[in-house]
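Structural description and commentary
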Amino acid sequence: PEASSGSGGLEITNGIVRIVGANVGFELDGPLRLTGGDADFADGTNNNYIQYSVTGNASITINSASSELRVGTQIRRSKFSTSGILDLALTAGNLFIGEGNGGEPSRGVLEIVNSGSSITHTGGTITLLSDNNYGSAPTIASLFLEPATSNLSGSNIVINLSNNDRDFSINSTVALNKITLQS
């Protein structure tokens with residue numbers, strides 16, 4: 001079966017998977033699991049993103065303290081549709097988003113929205129390294145959380161705006177456990 005059918009997925013148990021190049025994204029319509037290895041989708045200053053589908057098959061799981069997922073600009077829905085469903089589960093390890101430039105200002109740096117979406121963040125750290133002002137004023141919050149279900153009982157979200165980003169905003173319908181601001 002094709003990966004886009006939701007029956008395919010990627011599990012990284014050891015080593016590193018990299019995506020490099022300008023404006024190169026990872027289209028997610030199945031599981032992405034980090035259970036010991038790393039995924040580096042942040043090619044320096046380039047626009048490297050994860051775009052999740054509308055099918056309900058897209059999921060990201062990080063459950064190893066030694067695992068790290070780096071995303072250049074955004075984990076987001078398509079820029080052509082407000083639909084999109086993602087299940088994000090971080091119980092250990094680290095998620096870094098926003099090292100690159102050139103993302104989509106109509107989408108958040110991290111957005112988990114819509115019926116069917118969920119976020120579980122009970123361990124590990126999410127670090128957001130930029131706002132979503134990519135040359136024009138953002139039209140949506142940088143951190144946009146409106147999932148159908150959530151558990152953020154052990155969450156630690158770090159906002160590190162060392163790039164002089166000034167348009168960072170948060171829209172969340174769920175209680176955030178801990179937010180750390182750095183610059």
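Residues numbered from 1 in each chain as written. Predicted model: local features only at pLDDT ≥ 70, side-chain atom pairs only at ≥ 80, totals over all residues. Heavy atoms only, no water.

1. Overview of the overall build of the protein
Helix and strand counts for the protein come out as zero helices and 17 strands. A compact globule built from 183 residues should have a C-alpha radius of gyration of about 16 Å, and the protein, at 15 Å, falls within 12% of that. Projected onto the principal axes, the alpha-carbon positions of the protein cover approximately 45 × 35 × 35 Å. Residues classed as buried in the protein amount to 50% of the 183 residues present. For the protein, the distance from the average position of its 9 positive side-chain charges to the average position of its 16 negative side-chain charges is 3 Å. (Helix = DSSP H or I, 4+ residues; strand = E, 2+ residues; numbered from the N terminus. Rg over C-alpha atoms; globule rule 2.2 N^0.38 Å. Buried < 20%, exposed > 50% of the residue type's maximum accessible area, 1.4 Å probe, protein only. Lys, Arg positive; Asp, Glu negative; His and termini not counted. Charge placed at Lys NZ, Arg CZ, Asp CG, Glu CD.)

2. Structural notes on the pairing of strand E14 (residues 143–151)
Two strands pair when backbone bridges link them, and strand E12 (residues 110–121) and E14 are joined in this way by eight bridges, in the parallel orientation. Residue Glu111 lies in a different strand from E14, and its bridge partner there is Phe144. Sheet analysis places E14 next to strand E16 (residues 170–172), joined by three bridges and oriented parallel. Across the sheet, Leu143 pairs through a bridge with Ile170, a residue of E16. (Pairing = 2+ DSSP bridges.)

3. What about the side chain of Ser155?
As for its position among the elements, Ser155 is in the loop between E14 and strand E15 (157–160). Taking the relative accessible area as the measure of exposure, Ser155 reaches 1% and is therefore buried. Among all residues touching Ser155, those that are not within four sequence positions of it are His121, Leu176, Asn177 and Lys178. (Contact = heavy atoms within 4.5 Å.)

4. Section: the sheet that holds E15
Taking strand neighbours across the sheet as the criterion, the seven strands line up as E2-E5-E8-E11-E13-E15-E17 in an open arrangement whose pairing is parallel. A single partner strand is all that each edge strand has here, and the edge strands are strand E2 (16–18) and strand E17 (179–182). Averaged over all neighbouring strand pairs, the angle between strand axes comes to 15 degrees, with direction disregarded. Strand direction decides the pairing type here: strand E13 (residues 125–128) and E15, joined by three bridges, are parallel. Along E15, the bridge assignment pairs Leu128 with Ile159. (Axes fitted to C-alpha atoms, helices over the stretch in contact; angles between N-to-C directions.)

5. Some points on the nonpolar core
Ranked by internal contacts, the top residues of the largest apolar core, which has 40 residues, are Ile50, Ile60, Leu69 and Ile75. Element by element, the count of residues in this core is highest for E12, at four residues. With residues up to four places along the chain from it excluded, the contact list for Ile75 reads Ile50, Tyr52, Ile60, Leu86, Leu95, Ile97, Gly108, Val109, Leu110 and Glu111. (Core = buried A, V, L, I, M, F, W, Y, C linked by side-chain atoms within 4.5 Å.)

6. Considering the packing of aromatic side chains
This structure, assessed with the given rule, holds one aromatic pair. Stacked on the ring of Phe96, the Lys or Arg Arg70 has its end atom at 4.2 Å from the ring centre. (Phe/Tyr/Trp six-rings, centres within 6.5 Å; stacked < 30°, edge-to-face > 60°. Lys NZ or Arg CZ within 6 Å of the ring centre and 35° of its normal.)

7. Focus on the pattern of salt bridges
Tallied over the entire structure, the rule returns five salt bridges. Note that Arg70 and Glu99 form a salt bridge whose closest N and O atoms lie 2.6 Å from each other. With Arg70 in strand E8 (residues 68–71) and Glu99 in the loop between strand E11 (94–97) and E12, this pair connects stretches of sequence that are 29 residues apart. For Arg70, a relative accessible area of 21% gives the class partly exposed. (Salt bridge = Lys/Arg side-chain N within 4 Å of Asp/Glu carboxyl O.)

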